[in-house]
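Each chain, letter by letter, is given below.
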Amino acid sequence: MAAGPGDFKSLHDAFRPRVLRYVTRLVGEADAEDVTQAVMLKVSASLAGFRGDAQLSTWIYRIATNAATDRLRGKPMATVSDAELEAAGGDVPPAAQTASVEASAIREEMSACIAEFVTRLPENYRAAMILSELEGFGNGEIAEILGLSLETVKIRLHRAREKLRKELAAGCNFYRDECNELACDRKPVAAVTFRPRR
């Protein structure tokens, strides 16, 4: 079933914070707002042609993944003017256009230590890991979003978790905070020793 252009405002309100959080984890905070704006414009432009072959969230995350990958690979992204965004989606509330509230929520939500280790993962592992562990997608949905086979997704997730587990064990001390939520403190650099190869 095709979605109509009038649905963009509700989609924007529902998905923009999620897309911003996701692309922030992929490209970093400095580029996240630009990538998110480009994603939402692409969603608006393509919404009328959406046939419902995939879930709407899967379709939007695939657009976001492609935009983030383009940014990471240095491809120029089209700039989006306020007039274009307004024409694409009607009146978008000013609060939804600013990144400050969402960016603050992102910073509070993510442990900087864990986030840094996730961003150190190779690009192909990082996207799969973020979609699975932080965005809550199942392996089949991740395969659709990334355009991979289910088996490849399973392999990447397994390898990403193993690599992340080793990196975190070497670099962080884990504990439960006063709310009984898992938190971590970075180990002092001197505590992490590397033995040169002979």
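Computed from a predicted model, the values in this text were never measured in an experiment.

Calculation criteria
Residues numbered from 1 in each chain as written. Predicted model: local features only at pLDDT ≥ 70, side-chain atom pairs only at ≥ 80, totals over all residues. Heavy atoms only, no water. pLDDT = per-residue confidence, 0-100. Helix = DSSP H or I, 4+ residues; strand = E, 2+ residues; numbered from the N terminus. Contact = heavy atoms within 4.5 Å. Buried < 20%, exposed > 50% of the residue type's maximum accessible area, 1.4 Å probe, protein only. Core = buried A, V, L, I, M, F, W, Y, C linked by side-chain atoms within 4.5 Å. Axes fitted to C-alpha atoms, helices over the stretch in contact; angles between N-to-C directions. Left-handed = near helix turned anticlockwise from the far one by under 90°. Nonpolar A, V, L, I, M, F, W, Y, C, P; charged D, E, K, R; others polar. Phe/Tyr/Trp six-rings, centres within 6.5 Å; stacked < 30°, edge-to-face > 60°. Salt bridge = Lys/Arg side-chain N within 4 Å of Asp/Glu carboxyl O.

### A look at the confidence of the model for the protein chain
Then, number 1: Summary statistics for the protein chain give a mean pLDDT of 75 and a share of 66% for residues scoring 70 or more.
Then, number 2: Considering each helix and strand of the protein chain separately, the mean pLDDT is smallest for helix α6 (residues 100-109), with a value of 43, and largest for helix α9 (residues 139-146), with 95.
Then, number 3: Counting interchain partners and residues more than four positions distant, the pLDDT-below-50 stretch residues 77-107 has 41 contacts.

### Section: the side chain of S132
Then, number 1: Among the secondary structure elements, S132 is positioned in helix α8 (residues 123-134).
Then, number 2: Given the relative accessible area of 13%, S132 is considered buried.
Then, number 3: The contacts of S132, once residues within four sequence positions are left out, are F137, I142, L157 and R161.

### Quick notes on the nonpolar core
Then, number 1: Within the largest apolar cluster, 43 residues are counted, with the highest numbers of intra-cluster contacts made by V19, Y22, V23, V39, L131 and I142.
Then, number 2: Counting residues per element, the ones that place at least two in this core are α1 (8-27), α2 (29-46), α3 (56-72), α7 (112-120), α8, α9 and α10 (150-171).
Then, number 3: With nine residues, the single largest contributor to this core is α1.

### Some details on the packing of α1 against α3
Then, number 1: It is at 10 Å that the axes of α1 and α3 come closest, and there the two elements cross at 35 degrees. The way α1 lies across α3 gives a crossing that is right-handed. From α1, L11, F15, R18, V19, R21, Y22, V23, L26 and V27 reach across to α3, where they touch L56, S57, I60, Y61, A64, T65, A68, R71 and L72.
Then, number 2: Across the contact of α1 with α3, the residue classes tally to 13 nonpolar, two polar and three charged.

### Quick look at the packing of aromatic side chains
Then, number 1: Under the counting rule described, the total for this entry stands at three aromatic pairs.
Then, number 2: Pairing Y22 with Y61 gives two aromatic rings, centres 5.0 Å apart and planes at 50 degrees, and the pair type is tilted. Taken together, the positions of Y22 in helix α1 and Y61 in helix α3 put the pair 39 residues apart, joining distant regions of the chain.
Then, number 3: Y22 sits in the buried class, given a relative accessible area of 0%.

### Digging into the environment of L41
Then, number 1: Tracing the backbone shows L41 in helix α2.
Then, number 2: What makes L41 partly exposed here is its relative accessible area of 22%.
Then, number 3: Between the alpha carbons of L41 and H12 there is a distance of 9.6 Å; along the sequence they are 29 residues apart.

### Things to note about the pattern of salt bridges
Then, number 1: Counted by the stated rule, this structure contains 10 salt bridges.
Then, number 2: In this structure, E123 and R73 form a salt bridge, with 3.7 Å as the shortest nitrogen-oxygen distance. Residue E123 is located in helix α8, and its partner R73 is located in the loop between α3 and α4 (82-89); the two are separated by 50 residues in the primary sequence.
Then, number 3: For E123, a relative accessible area of 31% gives the class partly exposed.
Then, number 4: A relative accessible area of 58% means that R73 is categorised as exposed.
Then, number 5: When the shortest N-O distance is used, the salt bridge between E133 and R161 registers 2.5 Å. A residue pair is termed long-range when its members are at least 10 positions apart, and E133 in helix α8 and R161 in helix α10 qualify at 28 residues.

### Considering the environment of D70
Then, number 1: Within the secondary structure, D70 sits in helix α3.
Then, number 2: The exposure class assigned to D70 is partly exposed, which follows from its relative accessible area of 29%.

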